[in-house]
Amino acid sequence: MLIKLWGVRGSLTSPMTNDEYYGKLQRILERAIKEGLNSHSDVPEFINSLPDDLKWVYGGNTTCVTVTSKSGVMYIIDCGTGIRLVGYDLMKGPSGKGKGVINILMTHNHWDHIQGIPFFTPLYVKGNIINFYSPFKDELKYLNEQMRAPYFPVFFEKTESTKRFIKLDAKRRTPEQLEEDLVVDFYPLKHPGGSFAYRFKQAGKIFIFASDAEFTGEVLEKGGQQEDDFFKNADLLIIDAQYTLDESFSKFDWGHTSYTMAVNCGLRWNVKHLVLTHHEPANSDAKLYENYLSAVEHWRNCENDNMKIDMATEGMTYSL
Ligand SMILES: [Zn+2]
Ligand SMILES: [Zn+2]
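Computed from a prediction, not measured in an experiment: that's the story for all the values here.

Q: I tried to follow the coordination of the zinc ion (ligand 2) on my own but got confused; where do I start?
A: Six octahedral donors around a metal ideally subtend angles of 90 or 180 degrees, whereas four tetrahedral donors ideally subtend 109.5 degrees. Donor atoms from the polypeptide that bind the zinc ion (ligand 2) are His-108 (NE2), His-110 (ND1), His-191 (NE2) and Asp-212 (OD), placed at 2.1 to 2.3 Å. Within one chain, the residues donating to the zinc ion (ligand 2) are spaced in sequence as H-x1-H-x80-H-x20-D. Here the zinc ion (ligand 2) and the zinc ion (ligand 1) are spaced 3.5 Å apart, linked through Asp-212, which binds each one. With a gap of 104 residues between them, His-108 in the loop between β4 (101–105) and β5 (129–134) and Asp-212 in the loop between β10 (205–210) and α6 (217–231) connect regions that are remote in the sequence. The exposure class assigned to His-108 is buried, which follows from its relative accessible area of 1%. The exposure class of Asp-212 is buried, given its relative accessible area of 1%.

Okay, structure coming up:
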């Protein structure tokens, strides 16, 4: 499986401000002067040596992740504003000619997870088939609502592509056999209005996406063995880590997790690679990097060498 992150911001799209850009430029140039950078050929190495918050931008698009299976079929998780970029990519292939078959898995219908849909170009191409997998029985209604006049000029159902809805049974939780050797399972998460985690398994490798989830000690206790069974031994777990521990106490019941708790979850479930996502829109790259370093410090204090931790970054890919 190839996993790619197209949108990692939580709650609201948050483009970088000019002030933040200027601050980054200033810090980068000061470093270059200090290190005596004076040759073109040294530039790549210099960039590589920068701390993460100067080396790249974490990104302002809201949640969208793609999973491409070994047979080359792409599954899109959520339609945050990151899906606009997926759409541009797909238009270069069969979807640009009305011959695309596109699979989208919905975690839930908060705005930051559906707002990209009106700007997903393949939606408007006749002949394309878009399969929506969702545990919500009113999925079509929700997608229609956000594109209803006067909020948007084109009604969702009136767009040219063919839309199919595959209802996932939230009660029985029967895993969906997407391909002969690719199964996706799903699990309900604590989040206002409900949200679902997805667990992909192919060729013995496990990828889990669990954003918009409030993991607490109590939630883990309540989930018990069933929850542990769902989450354990993932090769890659992308998990909600919107808050600091203090924020998670003051925003109890808001439906998101602290990075400290996210690390605890990764350790509890024997995860190999943990990726923290759904970044707080108010946080600059510098603040996100600070949070990342604190998460790593917490993990080090737990004395477990076997887990890697990343901060979700737009454009990042993982191969399983
Ligand atoms: Zn969200
Ligand atoms: Zn949400």
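Q: What is the right way to look at the coordination of the zinc ion (ligand 1) in this model?
A: Looking at the zinc ion (ligand 1), the protein donor atoms are Asp-112 (OD), His-113 (NE2), Asp-212 (OD) and His-278 (NE2), and they sit 2.0 to 2.2 Å from it. The coordination sphere of the zinc ion (ligand 1) comprises four donor atoms, whose angles at the metal cover 90 to 164°; the geometry is irregular.

Q: Sorry if this is basic, but what is going on with the pairing of strand β2 (residues 64–68) here?
A: Each regular strand carries side chains that alternate between the two faces of the sheet. The buried fraction of β2 is high, at five of five residues. Residues Cys-64, Thr-66 and Thr-68 line one face of β2 and the alternating positions Val-65 and Val-67 line the opposite face, and both faces are buried. By the bridge criterion, five bridges tie strand β1 (residues 2–7) to β2 in an arrangement that is antiparallel. For Lys-4, the partnering residue across the bridge sits in β2 and is Thr-66.

Rules behind the numbers
- Throughout this description, residue numbers start from 1 for each chain and increase along the sequence as written.
- A letter from A marks each chain and a number from 1 marks each ligand, given out in the order of writing.
- Per-residue local features are limited, in this predicted model, to residues with pLDDT of at least 70; the limit for side-chain atom pairs, both in listing and counting, is 80 or more; totals at the level of whole chains, interfaces and linings are taken over all residues.
- Based on all heavy atoms of the structure, the side-chain values leave hydrogens and waters out of the count.
- A donor here means an N, O or S atom no more than 2.8 Å from the metal, or no more than 3.2 Å when the metal is Na, K or Ca. Since water is not included, a site may seem to lack partners.
- In DSSP terms, a helix is any run of H or I states spanning at least four residues, a strand is any run of E spanning at least two, and both are numbered starting from the N terminus.
- When accessible area is computed with a 1.4 Å probe and restricted to protein chains, residues below 20% of their type maximum are described as buried, those above 50% as exposed, and intermediate ones as partly exposed.
- Metal sites are grouped by the angles between bound donors: all angles between 85 and 135 degrees with four donors is tetrahedral, opposite donors over 155 degrees apart with the others between 65 and 115 is square planar for four donors and octahedral for six, and any other pattern is irregular.
- For two strands to pair, DSSP has to find at least two bridges joining them.

Interpretation note: all reported values are geometric properties and have no functional meaning in isolation.
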